[in-house]
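Now for the letters of each chain:
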Amino acid sequence: METKLLWIPLLPFIGFLLNGMFGKKFGPRVVSWIGCLAPLGALAVTYSSWKQLTGVVDRLDQVVFPWIWLEGILEIPFKLTFDGLSATMCLVITGVGSLIHLYSIGYMRGDAGYHRYFAYLNLFTAFMLILVLADNLLLMFVGWEGVGLCSYLLIGFWFEDDANCVAGKKAFIVNRIGDFGFLLGMFLCIVHFGSLDFGVLTDREIIAGVAASSAWGMPAVGATTLITLLFFFGATGKSAQIPLHVWLPDAMAGPTPVSALIHAATMVTSGIYLCCRLMPLFESSPVCMAVIAGIGATTALFAAFIAFSQNDIKKVLAYSTVSQLGYMFFAIGMGAFSAALFHLVTHAFFKALLFLGSGAVIHAMHHEQDMRKMGGLRKQLPFTHMMFLIGTLAIAGMPPFAGFFSKDEILFSGFMNAFGEGASGQAQIFWGISFLTAGMTAFYMLRCLALTFWGESRVAPETVNKVHEPGGWIAFALFALAIASTVGGFLGVPAILGGHNVIGHFTGLHVETSGLSAAALETHHAMEWTSMILSLVMAAGGLVLGYFFYGSLADVRKSLTSENPIGQRLRHLSGNKLFVDELYHKVVVRPIEILSWLLFFFIDRLLIDWILVEGTALVTRATGDFFRRMQTGFIPGYLMTFGCGVLVLLYILLNILTGNGS
Amino acid sequence: MELLISPTEIEAILPAGILFLTGLVLLLVDLGGKERADSGMNPKNHLVFIGCAGSVLALMALVTGGGSVVTSLYAGAMSDDAFGRFAGALVTLALLLTTLGAGGYLSSIGQNRGEFYSLLFFGAGAMVLLCQATNLVSIFVAIETLSLSVFVLAGYTTDRRPSSEGAFKYFVLGAFSSGFLLLGMAFLYGVSGGSLALSDIAANGPQVADDILFAVGVLLMVIGFAFKVGAVPFHSWIPDVYQGAPVIAVGWMAVAVKVASFAALLRLLVAAGGGETLSRLIAAIAVVTMLLGNLAALNQTNIKRMLAYSGIAHTGYLLIPLVLGLTGTGFESGSSMLFYLAAYSVTTFAAFAVIATLSRGQDRESIDDLNGLASKHPMIAVVMTLAMLSLAGIPLTAGFVGKLMIFRDAVEGGYIYLALIGIISSVISVYYYLRPVVAMYFREATGDQHEVEHPWGLHLALALAGGAILLLGIDPQALVEFSVESMRSLLGG
Amino acid sequence: MTSVSYDLFALAIFAGLTVIVGAGLLALSELVGPRRRDPEKNTTYECGVPLFDSAREPFTVKFYLVAILFILFDIETVFLLPYAVVYKQLGVIGLVEMGIFLLVLAAGLLYCWRRGALEWD
């Protein structure tokens, strides 16, 4: 029984309460202190708890109070658990989170809502920590919804612009659609497992029993398949996968540090975390794993394709996030949970770095985000350029940066599934997609780098002289993240490079290969080398292509995209995000709007306002009889509805009964 | 024959008695004579104090008394069990909050008169009796008494046209629905061999599958109750009445009438049964109610009207446990309904109390009138946000736990489609529940619309309701257990 | 043919005859009767006194108030009279209950009085 675990989410929560209630009176100085000390404190507690996780003690538990406790029916305690997996997540959240808090001091200076900003950010940290520390699904759902709420509040942070509010609302509602899957999955867990505890849900024996049973007499669908598919649907909402990815690019309306923390490093990865947490459950359903791999690979390709033509620097990064998350899901689908989590961690480092770097550029450019109005910034912002370059190399998968190791592990697991033992054609397609995406990633990231920092300056003349390097906390956070992006990969150096997969072992997600014979091990290693070299070539190819296309060979690129009809078409598709928003608008939003509008129009407007109110108003004026209006107006209509309702119900009842009775 | 009243009978009727007596006292205390015209502006704290004292006393009588299940009190007219006391306590709690808020709101519109309070208390007394009634006649008398009180409350502000209009409509439609209730009772009386007691109906009444008249009787009674709780297609009065009636009375109507009616309906169905066919019909009503309520709420600009449709939608959710109970899996899921009612009560009351605080007799009831509230009155905005989140069913609020319990029951009972539609429609509902939140936090105030005084009673009521939303969301344990216990007492297990 | 439907058959014949006879008489008078209309004939029958104005003149609401109060206190009498019959059987508890009833009624009367419902002006 550990008592300090609660402090991990509690400290940021206290920060939220203090800043939220008294922030206005405190002034920015105190607000910054409280706001940053809260996640730093949580980091310290996490660190000391982590130190307690030795080989002997592999988890810490704390029951805070019995939450919903019906003896024998449903027992859900408010319980926190700290094991390797949550420890890793907590370290990322508090570590990267603290850096982003510090960065925000510089970035948000002078903003009218400074205290509000820090309050929300602290609240987000608290909920995110609850999400990863929860020992059961319900508590996790509390964090799950809480981070959604904070994300909504922070996307709409600059609410003076209506578009930001709309983006916030879109994010919230799309997430709620995903929650629908989460909730149903949770109910099914109660039905089939009788519990929401992760201990029960990951017990392989119990799972085997449940997997054999079918869901509600639907023999075709195994219970665990249905449950995991529902959870995955929930994960697609939070982690912006097809079909629910539409909210993430719009979410870039929030302040850039928010994009870095919530929409790149932490919240959007909670879907991955959910899958890792329930690894045995997911593994029990090959159908679901195939679906996850397919969706992940498709999303990765799809988002990378869209990223090609985005001109807003943050939008490029947003689609790149969607793409990288697709990668992680692809890894999960391939059974490489450890690789997914590893990529999650390194991605948190380099994507936070890239976002904060873009934030520094945006800050320097006085809130200009369009890359067409940048260019040549290398001279004025050498430090930021350096940081951004490191981030780009890391995400492209260049050794020795962090992305290389994690991406390599994912591609290798795909490679093994595609060409190793028991390979399937399906897996080969998935691998092909993800392999292609690796090159595309390198290409569009280099495009982003080149458009922003290289070439000729296209900066508007009035801002060109005001561009300045960031200082203080902004530089510090960038520097720290750059170091993490450089060395972070050594957490999981593969065996063939003489490493020992530290993170995989620590989180308990690693699947041992030691049982293999020497010959098999030999093949295994050979395949690993092949995969590594292939992916390296692909990434390097993407980078080189990007370098020339956005450098000396720009003419070739222009003729390809503006003269070649296929190029034009592709650019049109990519530039319009493959028309997914439009599709959803037509298929989902419009019908609901129309239905609601019809109800509003026919009942509230037409019937009541026009016919009854306006229409009878004429009569009223003519006769001067007020009560007439009441008697000839509404009530008969209402009585009609009432009477018809009664008749219909009676009719159905009698119909069924006489039908059954005789 | 000597007429006897046993101590248990006195104990059972004590809460309702206290409420009626308080109503009488309130009526007499405020007899001002002819100069009363301008006295409606006074806050009249003494009335609020008497009212609070009365409702607290009644609440104590409800909570402390009872213990064991005693049936057939007053020759079978009522019974004393934890179920009735639980529902009665919910009503009384709502009464306490309404009384607290009434003084500040009514004086702001210049209508602060003793009649309002006594009507509240007479209605509340009838509702408590309705929760305990086990005889068709006592059910009917209680329903009519509470309806009379609510009709008058709806038309309380006689100088406002929408108010009188709403009350008139409510009255006519209410009388119409009472007819169905009565007809249903007549059917049951005839079919069950000439007894009015629910226990006799349960014992002698033929099952639905066998007897058409019995099924028709139960259905007609269900229709009568469906009108009271606003289930589609018997809901048409709700938007107009909610829009017209004084806000604080709307809060009371929305909460208490629903609690008492659902309690009585549950008691009736537990006793009478109804079988598969009736459960299918109620399931259909539930589906239509959930969908229509939520869809119609989407485009409303008047916040009272929006909440009216939202209330209809919540009626739909509340019908789900009845469906489950009638299918033979048993009425254990009734405990979810009790919990949901509690969660719904505090939440809805909080929402209406916020509008009462802001409206202040100037009809500021558009969603735009909430613009920028967060910067002017952060605490009021926080309570409103909590209420909206709870209505939408976001975790850590009471509404989430309630929805969780109901949908879990639905899935466990094999009614996956009800849970699906429920969850889908609550996803839709997030859209309109967010609109007030967006208005409060993300928009600028225009003009002086939030220049409110600070009526202590309303603020206290707001704080209590907001606290309850959070408490029930974070630590619902005690209440969940209590509702399960109450349900067991009704089922006699 | 069972006895139930036989009875119903008789009922149907009876109902049919009623309708036919009623409608037939009306139709006959319409067909055969002479029709000479003049304004004098179309006026309301008022026992020979000429009409002043419309009979649908609104009464003052005070009449209704008095009528309602009358009904209320009338019911009191209706309730009290049977009580006199079973007075002995009901005993003390009956007396107490009647006392409560009368007290509530008295409170109502007091309310009407103080609110001015009993004053005509």
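Quick notes on the rules
- Residues numbered from 1 in each chain as written.
- Chains lettered and ligands numbered in written order.
- Predicted model: local features only at pLDDT ≥ 70, side-chain atom pairs only at ≥ 80, totals over all residues.
- Helix = DSSP H or I, 4+ residues; strand = E, 2+ residues; numbered from the N terminus.
- Rg over C-alpha atoms; globule rule 2.2 N^0.38 Å.
- Buried ≥ 20, exposed ≤ 12 C-beta atoms within 10 Å, placed from the backbone.
- Contact = placed C-beta atoms within 7 Å.
- Domains from an automatic or database assignment.
- Nonpolar A, V, L, I, M, F, W, Y, C, P; charged D, E, K, R; others polar.

### Thoughts on the overall build of chain B
Part 1 of the argument: Within chain B one finds 19 helices and two strands.
Part 2 of the argument: The C-alpha radius of gyration of chain B comes to 21 Å, within 12% of the 23 Å expected for a compact globule of 493 residues.
Part 3 of the argument: Projecting the C-alpha coordinates of chain B onto the three principal axes gives extents of approximately 65 × 55 × 40 Å.
Part 4 of the argument: Looking at chain B as a whole, 68% of its 493 residues are labelled buried.
Part 5 of the argument: Contacts in chain B between residues far apart in sequence, at least 24 positions, make up 82% of those at least 6 positions apart.

### Structural notes on the overall build of chain A
Part 1 of the argument: Secondary structure assignment for chain A yields 28 helices and four strands.
Part 2 of the argument: Across the 662 residues of chain A, 53% fall into the buried class.
Part 3 of the argument: Once local pairs closer than 6 in sequence are excluded, the contacts in chain A between residues at least 24 apart make up 78%.

### What to know about the environment of V222 of chain B
Residue and element names in this part refer to chain B.
Part 1 of the argument: Locating V222 in the fold gives a position in helix α8 (residues 212-229).
Part 2 of the argument: A residue is classified by how many C-beta atoms lie within 10 Å of it, and V222, with 26 of them, is buried.
Part 3 of the argument: Sequence separation between V222 and L268 is 46 residues; the distance between their C-alpha atoms is 9.0 Å.

### Side note on the domain arrangement of chain A
Reports often express the size of an interface as the amount of accessible area lost when the parts come together.
Residue and element names in this part refer to chain A.
Part 1 of the argument: Its domain assignment divides chain A into domain 1 (1-135), domain 2 (159-284), domain 3 (286-575) and domain 4 (579-661).
Part 2 of the argument: Computed from C-alpha coordinates alone, the two centres of domain 2 and domain 3 are separated by 24 Å.
Part 3 of the argument: Across the contact, 29 residues belong to domain 2 and 35 residues belong to domain 3.
Part 4 of the argument: Sorting the residues of the side of domain 2 that touches domain 3 by element identifies α9 (223-238), α10 (247-250), α11 (256-265), α12 (270-277) and α13 (279-283) as the ones contributing at least two each.

### A few points about the interface of chain A and chain B
Part 1 of the argument: Taken together, the contact between chain A and chain B spans 52 residues of the former and 50 residues of the latter.
Part 2 of the argument: Going through the elements one at a time, β1 (59-70), α5 (137-155), α6 (162-193), α26 (580-623) and α28 (634-661) of chain A are the ones with two or more residues in the side of chain A that touches chain B.
Part 3 of the argument: Sorting elements by how many residues they give to the side of chain A that touches chain B places α28 of chain A first, with 17 residues.
Part 4 of the argument: For the side of chain A that touches chain B, the residue count by class is 43 nonpolar, six polar and three charged.

### Section: α12 of chain A
Part 1 of the argument: Counting buried residues along α12 of chain A, eight of its eight residues qualify, which places the element largely inside the surrounding structure.
Part 2 of the argument: Of all the positions in α12 of chain A, only S270, G271, I272, Y273, L274, C275, C276 and R277 of chain A are classed as buried.

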